[in-house]
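Understanding the architecture of this molecule
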Amino acid sequence: MKLKIRHKLAIWMLVVGVIPAFVASRRGVTIIADRFTDTLQDESDRNLRVGISLTVDHVNNVKNAAISLSKKSVLVELATRKSLSRQDQDLLRTEHSGLGNGVIHVVDPQGKLAGSVSLGESSGLVAVKNQEHSYETLLAHAQPQWSNMLQNYAITLNFYSWEGQFTDNSRQRFLFVQAGAPLFDVNYNLLGGVIVTVALDDLFCRNVSTLLGSQIILYPEGPAADQAFSTSFENPDDLTRPVESPLDRGLVQGAWKSPAGRHFASFTWHGMEYAASMQRLGDLKGRAVGLLVVALDITKMQKGKSDAVFTLMLSALLALAVVIVLATWFSRNLANPLGRLVRGAREVASGKLDQRLDVASGDEIGELADAFNDMIRNLQQSNDRQNEQMSEIQTLNEIINAMSVQVGVSSVISEGLEAISVALQTSAAQLWLLHDENGWRKVHHIGGLEAELARLTRDDRPLVDYAATRDAMLELADLGDGDELGNPDGLRGPFLAVPIRYQGRVIAVIFLLRSPDSPAWTDTHRNVIRAVSDQMGMYIVNAQLFEKISRFNEQLEFMVHRRTMELQETNKKLGSTVDELQNTQAQVLISERLAGLGSLLAGVAHEINSPIGAIDAAVDNLLKSLQITLSSLLYIVDSEKDPQVLTYLLTLVQHYLESVTLPFQSRDQNRERIREVTELLAARGVENARSLGRKLVENGTDTYVVNFLNQYENVEASTYLQLMNELFTIHRTAQATATAIHAVKRIVMALRSYSHVKQDVPEPVNIHDVIETSLIILANRLKHNITIDKRYGELPPITVYGDELSQVWTNLLSNAAHAIDGKGTITIETLNLGSRVAVKIRDTGRGIPPELIDRIFDPFFTTKKKGEGTGLGLGIVSRIVRERHGGEIEVTSVPGDTCFTVYLPIMVTPRTPEPPALQV
Amino acid sequence: MTRLLLLFLLVNPVSCRKEEAGKPLAHHETITVAWSKDVNTLDPACAVGMESAEVVAQMYEGLVTTDPITRQIRPLLAERWEQSPDGLVWDFTLRQGVRFHDGTPLDADAVVFSFRRQMDAVVAHRAKPDDARIPLCGYDYWKAYYDGLIQSVKAINPRRIRIVLKYPYAPFLNSLEMFAVSIVRSFDVDDMETLNNRSLGTGPFRLVSRTPDRIVLSRNDHYWDESRVPAFRYLVFQTIRENRQRLLALEGQRIDFAFHLNPARYPTIQLHPLLQLRSDYSNNTVYLALNTRRGPFAVRQIRLAVAHAINRDKIVKMVYQGMAELAHGPVSSQMLVQGKPIFRENDPLARWHDYDPEKARALLREGGFGLDGEQRPYTLYLIQSPRNYLPEPLLMANLIRHDLEQVGIPVQVKPTEYMEYKRILKLGQHDMAIHGWAGEISDPDEYYYGLLHGSNVVRATGTNHAYFTNDRFDDLVKRARQAHESADLRISLYRQATEIFRHEVPWVPLAHARVVIPASRRVSGIEVTPATFLVYRSLRMVDR
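Residues numbered from 1 in each chain as written. Chains lettered and ligands numbered in written order. Predicted model: local features only at pLDDT ≥ 70, side-chain atom pairs only at ≥ 80, totals over all residues. Heavy atoms only, no water.

Moving on to the overall build of chain B. The number of helices and strands found in chain B is 17 helices and 23 strands. Expressed as a percentage of the 544 residues in chain B, the buried residues total 56%. Partitioning the contacts of chain B with sequence separation of at least 6, the portion at a separation of at least 24 is 69%. Taken as a whole, chain B presents about 23000 Å² of accessible surface, with 50% of it coming from carbon and sulfur. (Helix = DSSP H or I, 4+ residues; strand = E, 2+ residues; numbered from the N terminus. Buried < 20%, exposed > 50% of the residue type's maximum accessible area, 1.4 Å probe, protein only. Contact = heavy atoms within 4.5 Å. Areas by Shrake-Rupley, 256 points an atom, 1.4 Å probe, with all protein chains shown as cover.)

Okay, structure coming up:
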């Protein structure tokens, strides 16, 4: 079924009005109920907490009373003398009247009653009046408590539920608070204790109730849950008579059993509604002894709640009624004009733009009709305007196309003006261009009257000057009407003077004249000429620029040609400079080698000096030893009867000389051996047994000596030992001398080969020998804490300029030593790569910064301090390796690991006829 | 139409209310702790005072922890550890999957950082004590326990840390549970305020906000031990300076724990139906130190006379009202050495000299007391404000004075402020002093070495307030602290040292106070560590 809009509207309004009203009122009622319950719970809870606090406060007061009483001298007196004057009793009663009904007891250290004072009205409690009885009963309940006070000198505090006896012989159960404090004399000797017992009776409940503003009921733990209680409720019929339990038994029992110890309920009492919150009270051991009920009067709150619900329902109904009335009215008033609107819209859609709607209501529908009418009007106008604009755009396109295909200034102007002239149907068109130095010049004309147009003036100046100063174009419906114009030829017809701008500056002016009988200029004309004038300015300037650039280009070509000629000449000059430079470099290489030699020489001299010194000392020792040997021999030959002894000794020595290799022994073993030998020597009466023993073991001759001594146990040991020792010494000294001489020889050889500068042809050498030579030369620098780690591979002899290579290794090793600054490891590694060999010299020094690593092979580059190096070292190394040997040198460096790798072919072909150092 | 819809929403107020955020913390998910003093810092390494320590211990965790029930060391951030046979090298392996509050995973570097920032600062500061640029907040715990002990702390790999000691230290493992060496995520040490504003720990709670009187922590929902994520959401520490206000707030259930309450209130709190009073064993000893280098107390008989003259039983009862055990030696008989007790039941060693004024008088005569004609009263210094382990210091001092005067020793009680007290004791100008020590690491070493060893007499750092030196005692105690191999050996050494202590009487031990915690009945599951920290994460809300 198709529904009319007014029906839909009515249904919608009902839906959006009625449903929310219904939902809202239902929600509202629920919320009010929930909030009421929440508020009630919170309020009850708060009340209960305050009620508890007030109760506990009272308990605290009882405790404080006990403490303050324990410091009172009268009670000390009571404890010692067991009696108290009437006056003192009254005083105590007055002082503690705020505690309510109760009794003060004093006990001795054994817990026996010493005396008592009753407090307040005591509600006619027999127990209080009959002191003995009351105390005995109390004691039965409170025994552990009192023992704690008396044994541990502790303040005690507890709740008790206890049945007391009244004067009328009825018995009543109460909740009591009892506080105890020990009593001391001045010497802190225990005298006993003060016990304050206060009943939480109706008086107490009324006190709390007054402070709290709610009613209080207190049920002590006991057999009949709702029989015994104290309360602030009063019997409204007769204030003197006790009230019935406001809560029924079921409620009270439910609260006792509630696991959380807290319970909420509501009850009615004498027509008033109460919310009861209940809290179980426990004693020190956690046993339930009482139930505290705080009853909040909620009669008013309940009334408030009903009022709120009623008001809410009423407003919901009212709202509903209003919605229905409104829905009816709206649907009536909206539907009729809407129908007319719909019809009008259909007509417009079918193309009838002259439609007008007549809806005369003043509301939004009326406004909608007016807006509809306006819309149609605007639609019509914009339709007309659109047609005009289409023709303008077409014209414009034609003119701009005519200009855009041109490059030269004159052709842009002529084609542009031509197009304008055709588009605007002029009889004459004239363009003036601004030439910087010469002012305005007429550059193009189309049609007749060329000179006549140019003669037009204003204020006695050519019209073009005036037109150029104007912001807008100058438009005249008829040229003949312009009074301010100088028009000597009496020209007529619609006229336009159009300034052409580029970047705000007028660069040209166009005069346009139509024949006198033509109609006046239209908006279309004006729009076209306005748009074209901007475009034209740009095209003219572009064309001017293009012409300028063409001229520059020609000049540029000429200049390039001239510079090329000059460069060729400079090149020639440079060629000869390079030659000179090469010569200089060769000389520098020689001086570097000599400089290196000089700096090495001091070290070499030192190197030679040490072995020479050793030789010198050795010769001295030899002489001394020979003398001692001779005298020992003489003595032995003289005194020893058994010639076998000497023979055996000499055989042993001979044996030693033949097999002399020093056995290696660890220090620990050595020490052990030294001890053994020393003991043996000492046993045989040798002097300095310890130092001699050590010497023998260190020299490895101990075995021979021990052998000898064991063979001949009766000989005079020291003489033979001396002889033996001297013979060993002579041998060792001779060996040392030979070693020293060999060292000197090596150094001299090395020096000779280093300084051997001229080598014409490559010769086969063992590359390791060459490296060793360099090491000898540098020995002085590589001492101390520098470790040389040699990792030589199996290399064939290679044919190279060995002496020059020596310079390479010397340089690299010297740099490495410099880099590690006297401490670290230099590794020399050689590798056989087949047709090539590689030598790696690696150090653990500080490394080469990455930004410098590309420059280290440049001549004169150095990182050493001024005066420390010539900076030629690595440059020469590079030349010797690369140019002389056709090898390669690579370097990698990070702090702690710098490695120079030299690659050499195993066979060098003499490519350079002379070594670079000798080219001069 | 839209207007009508809006109207509809306005009529329906409940739906909008519930989404409001950033409002007061939900009471049923919040546990609030109140005390009388402000928290001074949240940096574990700098924390001093119970308040800072308590908050810090909720946000940060150490490598190990002590089980509150068995009092045995248990893994925490370290999953396991090995100790070299010489006791010097300790390798700790970290638990996997632990993340800091900001999501960074825990690794060995963080552990190294947590140690090194203290170690380096202390070393740098010693080298240049006047250089203000060296960030230093005291690092008291580092200085007290590790300075001079730890050789190095290194990461072996991302999960393993090696700590090398300079000498073996038997309670080393115990010491690592101290909050001062909790593990923090590394940060820029130049900004010492970092940890006061950011939460960089691994603990079950994280910092939400800190204002002068209020610190709000929230549950760390990504806590590594899922079984121990707290059952409630917010933990709030609030300063309420007035004792009475604090008690009222507790009674009104606005807060759940109230510390520093007046002990006279305890009996009332016990009876309050909405409150509970917990008391637990705690590591502490309260004692009377006798200055063994001054006046008559240099004589052993006179010190022994003092021991016999004081009726300690009575004094402890009156002062603590049942919240303390009588002390019989430097440590409580509940003190364990690596899980084993030092004293047996009815151990004669754990029985102090009896109260016997007659014997005291005889000993005074024997020791020649008063023969030099000196009549001055002997000073008894004490800190006048109550402490956790000593609720009524002045009462205690007066009771002691009373007992001593009974046997003829004149005493002048000198209640002093904390700083002045420290100064007097460091200068050794006291004859007697009431002192208490609450241990951090659950090991006798703190007491025997820290409070009685001859090396701690040095006046600048001295914690040996009796100025007690005895070569044999010193040797035994030193061996005991290094005897990491065997608990039995340590126990035997401590027993021998106790014998000397009993004979020489540098102190009269008085009490081991129980820690008392007044709390609301709204919470259950209260656990306390031997170092007196409440284990908040195991608390639960009781359903009403």
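Picking up after the structure, the text goes on.
A few words now on the overall build of chain A. Per the secondary structure count, chain A includes 21 helices and 25 strands. Within chain A, the proportion of its 920 residues that are buried is 44%. Relative to all contacts within chain A whose residues are 6 or more apart in sequence, the contacts with residues 24 or more apart total 65%. Surface accessibility of chain A: about 49800 Å² in total, with carbon and sulfur atoms responsible for 54%.

This part covers the packing of helix H11 (residues 312-320) of chain B against helix H13 (residues 393-406) of chain B. Residues and elements named next belong to chain B. Interhelical geometry of H11 versus H13 gives an angle of 160° and a closest axis separation of 10 Å. Here H13 runs roughly antiparallel to H11, going by the angle between their axes. H13 is crossed by H11, and the crossing has right-handed handedness. The residues of H13 that touch H11, namely those facing Ile 315, Met 318, Val 319 and Tyr 320, are Leu 395, Met 396, Leu 399, Ile 400 and Asp 403. Here the contact of H11 with H13 is composed, by residue class, of eight nonpolar, no polar and one charged. (Axes fitted to C-alpha atoms, helices over the stretch in contact; angles between N-to-C directions. Parallel < 35°, antiparallel > 145°, perpendicular 65-115°, else oblique. Left-handed = near helix turned anticlockwise from the far one by under 90°. Nonpolar A, V, L, I, M, F, W, Y, C, P; charged D, E, K, R; others polar.)

All names here are of chain B. Locating Ser 182 in the fold gives a position in the loop between helix H6 (172-175) and helix H7 (194-197). A residue is classified by how much of its surface remains accessible, and Ser 182, at 5% relative accessible area, is buried. At 2.5 Å, the side chain of Ser 182 forms a polar contact with the backbone oxygen of Phe 179. Setting aside residues up to four positions removed in sequence, Ser 182 forms contacts with Pro 44, Tyr 60, Glu 61, Gly 62 and Ser 114. (Polar contact = N/O pair within 3.5 Å; in protein donor to acceptor, adjacent residues only side chain to side chain.)

A few words now on the nonpolar core. Residues and elements named next belong to chain B. Judged by nonpolar contacts, the single largest core of 80 residues is most densely connected at Leu 63, Phe 115, Tyr 146, Ile 150, Phe 172, Phe 257 and Tyr 536. With nine residues, the top contributor of residues to this core is helix H4 (residues 108-127). If you count residues domain by domain, this core takes at least three from each of domain 1 (25-59 + 203-280 + 521-544) and domain 2 (61-193). Apart from residues lying up to four places away in sequence, Phe 115 is in contact with Leu 63, Trp 142, Ile 150, Val 153, Ile 163, Leu 176, Val 181 and Ile 183. Judged by nonpolar contacts, the second largest core, of 73 residues, contains Leu 304, Val 306, Val 411 and Val 477. (Core = buried A, V, L, I, M, F, W, Y, C linked by side-chain atoms within 4.5 Å. Domains from an automatic or database assignment.)

The next thing to look at is H11 of chain B. For the α-helix, the turn length of 3.6 residues means that residues three or four positions removed from each other point alike. All names here are of chain B. Of all the nine residues making up H11, eight are buried; the element is thus mostly covered by neighbouring parts of the structure. Turning to H11, its buried residues are Arg 312, Lys 314, Ile 315, Val 316, Lys 317, Met 318, Val 319 and Tyr 320. Following H11 by one or two positions, Gln 321 adopts a phi angle in the positive range, close to 55°.

A word on the interface of chain B and chain A. Taken together, the contact pairs 29 residues of chain B with 37 residues of chain A. Summing both partners gives a buried area of about 3000 Å² for chain B against chain A, and 63% of it is carried by carbon and sulfur. Inspection of the chain B/chain A interface yields one salt bridge. Across the pair Arg 244 of chain B and Asp 57 of chain A runs a salt bridge, and its minimum N-O distance is 3.8 Å. For the interface between chain B and chain A, the tally reads ten residue pairs in polar contact (both at pLDDT 80 or more). Elements represented by at least two residues in the side of chain B that touches chain A include exactly helix H1 (2-11), helix H2 (14-17), helix H8 (243-251), helix H9 (266-271), H11 and H13 of chain B. The element best represented in the side of chain B that touches chain A is H9 of chain B, accounting for four residues. (Buried area = accessible area lost by both parts, 1.4 Å probe. Salt bridge = Lys/Arg side-chain N within 4 Å of Asp/Glu carboxyl O.)

Looking now at the pairing of strand E6 (residues 215-220) of chain A. Residues and elements named next belong to chain A. Across the six residues of E6, five count as buried, placing the element largely inside the fold. Bridge count for E6 against strand E10 (residues 288-297) is six bridges, and the pairing is antiparallel. If you follow Gln 215 over to E10, its bridge partner there is Ala 295. Sheet topology places E6 next to strand E7 (residues 230-231); two bridges connect them, and they run antiparallel. When the sheet's bridge partners are listed, Ile 217 is paired in E7 with Thr 231. (Pairing = 2+ DSSP bridges.)

This next bit is on the packing of aromatic side chains. Residue and element names in this part refer to chain A. Scanning the model with the defined rule gives 37 aromatic pairs over all chains in all. Relative to Tyr 712, the ring of Tyr 648 has its centre 5.8 Å away and its plane inclined at 65°; by these criteria the two rings are edge-to-face. Of this pair, Tyr 648 sits in helix H14 (residues 643-658) while Tyr 712 sits in the loop between helix H17 (702-711) and helix H18 (717-755); the two residues are 64 residues apart in sequence, bridging distant segments of the chain. Overall, Tyr 712 belongs to the buried group, its relative accessible area being 16%. Aromatic side chains Phe 708 and Tyr 712 sit 5.7 Å apart centroid to centroid with 50° between the ring planes, which places their arrangement in the tilted category. Over the ring of Tyr 466 we find Arg 458; its NZ or CZ atom is 4.0 Å from the centre of that ring. (Phe/Tyr/Trp six-rings, centres within 6.5 Å; stacked < 30°, edge-to-face > 60°. Lys NZ or Arg CZ within 6 Å of the ring centre and 35° of its normal.)

Residues and elements named next belong to chain A. The strand order across the open sheet built from five strands is E20-E22-E23-E25-E24, with neighbouring strands paired in mixed fashion. Lying at the two open borders of the sheet, with one neighbouring strand each, are strand E20 (785-791) and strand E24 (888-894). Sheet twist, expressed as the average angle between the axes of neighbouring strands with direction ignored, equals 10°. Direction of pairing for strand E22 (residues 823-832) relative to strand E23 (residues 836-843): antiparallel, over a ladder of seven bridges. Across the sheet, Thr 830 pairs through a bridge with Val 839, a residue of E23. Packed on one face of the sheet, helix H19 (residues 767-777) meets E20, E22, E23 and strand E25 (897-905) and runs near 160° to E22.

We now examine a nonpolar patch on the surface. All names here are of chain A. Where nonpolar side chains cluster on the molecular surface, the patch consists of Ile 11, Trp 12, Val 15, Ile 19, Phe 22 and Val 23 and spans about 570 Å² of accessible area. Along the chain, Ile 11 turns up in helix H1 (residues 5-70). In this structure Ile 11 comes out as partly exposed when scored by relative accessible area, which is 45%. (Patch = residues over 30% accessible without salt bridge, like charges linked within 9 Å, V, L, I, M, F, W, Y side chains within 5 Å.)

All right, on to the sheet that holds strand E6 (residues 150-157) of chain B then. Residue and element names in this part refer to chain B. Strands sit in the order E4-E5-E7-E6 across an open sheet of four strands; the sheet is antiparallel. A single partner strand is all that each edge strand has here, and the edge strands are strand E4 (78-83) and E6. Between one strand axis and the next, the sheet turns by 20° as a mean value, whatever way the strands run.

Residue and element names in this part refer to chain B. Scored by pLDDT, chain B comes out at a mean of 87, with 94% of its residues at no less than 70. Averaged over each element, pLDDT in chain B is lowest for H2 (38) and highest for strand E5 (residues 89-94) (96). This stretch, residues 1-22, has a pLDDT under 50; its non-local contacts, to residues over four places away or in other chains, come to ten contacts. (pLDDT = per-residue confidence, 0-100.)

All names here are of chain B. Of all the six residues making up strand E17 (residues 378-383), six are buried; the element is thus mostly covered by neighbouring parts of the structure. Across the two faces of E17 the burial is the same, with Tyr 378, Leu 380 and Leu 382 and Thr 379, Tyr 381 and Ile 383 all buried. Handedness of the β-α-β unit built from E17, H13 and strand E18 (residues 411-416) comes out right-handed. Taken together, the two bridges between E17 and strand E19 (residues 432-438) define a ladder with parallel strand orientation. In the strand pairing of E19, Leu 380 is matched with Met 432. (Right-handed = clockwise from strand over helix to strand, strands pointing away.)

What follows is about the environment of His 270 of chain A. Residues and elements named next belong to chain A. Inspection of the secondary structure assignment puts His 270 in the loop between strand E8 (262-269) and strand E9 (272-282). It is 8.4 Å that separates the C-alpha atoms of His 270 and Pro 236, two residues lying 34 residues apart in sequence. Setting aside chain neighbours within four positions, we find His 270 in contact with Pro 236 and Asp 237.

Enumeration according to the criterion identifies 57 salt bridges over all chains in this entry. Among the salt bridges present, the one from Arg 675 of chain A reaches Glu 679 of chain A, with a minimum N-O distance of 3.1 Å. Residue Arg 675 of chain A and its partner Glu 679 of chain A are both found in helix H15 (residues 667-683); the two are separated by four residues, about one turn of the helix. Arg 117 of chain B serves as the salt-bridge partner of Asp 43 of chain B, at 2.7 Å between the closest nitrogen and oxygen. With a gap of 74 residues between them, Asp 43 of chain B in the loop between strand E1 (30-35) and helix H3 (50-59) and Arg 117 of chain B in helix H4 connect regions that are remote in the sequence.

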